[in-house]
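Analysis of the macromolecular model
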Amino acid sequence: MAPRTVDLRSDTLTHPTDAMREAMAKAPVGDDVYAEDPTVNELQEMAAELMGKEAALLVPTGTMGNLTAILAHCERGAEILVGDEAHIYVYEAGGASALGGVAYHVIPNAPNGELPIPALQRAVRPIDQHAARTSLICIENTHNRCGGAVLSLQYLADLKKFADSRGLPVHMDGARVFNAAAALDVHISEIAKHVTTIQFCLSKGLAAPIGSMVAGPKDFIEKVHRWRKMLGGGMRQAGVIAAPGMLALTDMTKRLHEDHENATLLAEGLSKIDGIVIDKATVHSNIVLFVLAPSDLSEDEFLVGLKQQHVRMIQFGPRTIRAVTHWQISEGDIRASIDAVAAVVQQGRSSGIISAMKHIGLLSNGYGNGRPASITKV
Ligand SMILES: Cc1ncc(COP(=O)(O)O)c(C=O)c1O
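What you are looking at is a predicted structure, and each value in this text was computed from that prediction instead of being measured. Every chain's residues receive numbers from 1 upward, in the order its sequence appears when written. Given that this is a predicted model, residues contribute local features only at a pLDDT of at least 70 and side-chain atom pairs are listed and counted only at 80 or more, while totals for whole chains, interfaces and linings are drawn from all residues. Excluded from the side-chain calculation are hydrogens and water; included are all heavy atoms of the structure.

**A look at the overall build of the protein chain**
Definition in use: We count a stretch as a helix when DSSP gives it H or I for four or more residues in a row; a strand needs E for two or more, and each element gets its number in order from the N terminus. Buried residues are those whose accessible area, probed at 1.4 Å on protein chains only, stays under 20% of the maximum for their type, while exposed residues exceed 50% and partly exposed ones sit between those limits. Contacts are residue-level and defined by heavy atoms, with any inter-residue pair within 4.5 Å sufficient. Each accessible area value is a Shrake-Rupley result obtained with a 1.4 Å probe; residue values ignore everything except the protein chains displayed when judging cover.
From N to C terminus, the protein chain includes 16 helices and 13 strands. Taking the principal axes of the C-alpha coordinates as reference, the protein chain spans close to 65 × 55 × 35 Å. Here the protein chain, with 378 residues, has 55% of them falling under the buried criterion. Contacts in the protein chain between residues far apart in sequence, at least 24 positions, make up 74% of those at least 6 positions apart. Accessible area of the protein chain: about 16500 Å², with a carbon and sulfur share of 53%.

If you want it as structure tokens, here you go:
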């Protein structure tokens, strides 16, 4: 039997649990476009209550959740303040601009994922006929491209104070916000209370196969609902999606600390390997970013070598590699991954392995497609 691959490329790779599959099979369903799917209605009520918001809506993806939220907040010609490393800006195909006529005013993210408040202060436009109307601040928590950084409650409180003083709503891309709550050991509403609206994913570390939720004030959710319809996101018997979504919220949120412990274990192990550069103090959730020290071993060679050892990770920038832990990754898998990284880095030192891999074509299988890795990540 082929050895199992330890796949650390993303927590989006998680499969639904057996309980989720069973719940899908048994879910009472109806036509959700008629608002008659009882399971969807229950999930939406549960999500709104958890977040401490008036209402919530199920959408197929995090991208649609963020897009519908931005479109609901903004008029055409508006501008949003968003981080240069934000998923909304980097990976969502410019949707708010293409579909809503909304401009992205990009602020450099601090390494800890924050949008520094002084930078936001400078970025808010005056109310003036020449200026785009600053209409929304978008933050991300945990922050994917900032290595799973968790925004502190103090920062969120300060941001809210600033946003309120300027009359600006704050939208949180909380694709992994339950990881933030687990890392801070707080109820999710303690995070959500600082933002006007939030999008969070059921389908990442929470293991549901499909689905994200948008939560916020009732009139905002009505607008999101209309945009969802316009984008073709009105779903019919979506109870089969909502049923595992409820288990994601009730069961899977409780175990995220295990993923964080495994991420810390991985970071500790990697930090002992000569040839790997990592600041293990920056690992706070389930994402680990590390750097390949300067050597002849290219990113592609490293990743292909790792795949040969039945471990998968992805490139996340020049010489930067990302590994993400989740419910299908055990402590044993982490130990095996550390050994695999050590072996590949060691092999990289003996150039024979690399030239042999090049010779038999193992290094031309499409990891790199000639574009910057930061763009090719999914
Ligand atoms: C931070 C963040 N926001 C939003 C999304 C988008 O989610 P989806 O892939 O469901 O569109 C992702 C997906 O990886 C993400 O990491």
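**Examining the site of the ligand**
Heads up, the condition is: We call a residue near a molecule or strand when any one of its heavy atoms sits within 4 Å of it. Within 3.5 Å is the distance limit for a polar contact, defined as a pair of N or O atoms, with the added protein rule that one can donate a hydrogen and the other accept it, and that residues adjacent in sequence qualify only through two side-chain atoms.
The environment of the ligand is formed by 13 residues, the closest being Gly62, Thr63, Asp173, Arg176 and Lys204. The separation between an oxygen atom of the ligand and a polar side-chain atom of Asn144 is 3.2 Å. Within the side chain of Lys204, an N or O atom sits 3.0 Å from an oxygen atom of the ligand. When isolated, the ligand has an accessible area of 390 Å², and the protein chains bury 86% of it.

**Thoughts on the packing of helix 3 (residues 62-73) against helix 10 (residues 218-230)**
For any two helices packed against each other, the geometry is given by the interaxial angle and the distance between the axes. Put simply, the test is: Axis geometry follows a simple rule: fit a line to the C-alpha atoms, using only the stretch in contact for helices, then measure angles between N-to-C directions, giving values from 0 to 180 degrees. When describing relative orientation, an angle under 35 degrees is termed roughly parallel and one over 145 degrees roughly antiparallel, while 65 to 115 degrees is termed roughly perpendicular and anything else oblique. Rotating anticlockwise by less than a right angle from the far helix to the near helix defines a left-handed crossing, while the corresponding clockwise rotation defines a right-handed one. Amino acid classes used here: Ala, Val, Leu, Ile, Met, Phe, Trp, Tyr, Cys and Pro are nonpolar; Asp, Glu, Lys and Arg are charged; the rest, including Gly, are polar.
The geometry of helix 3 relative to helix 10 is characterised by a closest axis approach of 8 Å and an angle of 120° between their N-to-C directions. One element, helix 3, and the other, helix 10, form an angle in the oblique class. Note that helix 3 runs across helix 10; the crossing there is right-handed. On the side of helix 3, the interface is formed by Met64, Thr68, Ala69, Leu71, Ala72 and His73, while helix 10 contributes Phe220, Lys223, Val224, Trp227 and Arg228. The residue inventory of the contact of helix 3 with helix 10, partitioned by class, reads seven nonpolar, two polar and two charged.

**Let's talk about the UniProt feature "modified residue: N6-(pyridoxal phosphate)lysine" (unreviewed entry) in the protein chain**
For clarity, the threshold we go by: UniProt positions are given in the numbering used here, feature names are shortened, and annotations may be inferred rather than shown by experiment.
UniProt annotation of "modified residue: N6-(pyridoxal phosphate)lysine" (unreviewed entry) refers to Lys204 when read in the numbering used here. With respect to the element layout, Lys204 can be found in the loop between strand 7 (197-201) and strand 8 (212-216). Its relative accessible area of 16% is what places Lys204 among the buried residues. Apart from residues no more than four positions distant in its own chain, Lys204 is found in contact with Asp11, Thr12, Thr14, Ala175 and Arg176.

**Section: the state of the cysteines**
Using the following cut-off: Here, two cysteine sulfur atoms that lie within 2.5 Å of each other are counted as a disulfide.
Taken as a whole and judged by the stated rule, the model has zero disulfides. Here Cys146 stays free of any disulfide, with the sulfur of Cys138 as its closest cysteine sulfur at 15 Å. Look at Cys146 and you get buried, because its relative accessible area is 14%. Here Cys201 is not cross-linked by a disulfide; its sulfur's nearest cysteine counterpart is in Cys138, at 15 Å. Residue Cys201 is classed as buried on the basis of its relative accessible area, which comes to 2%.

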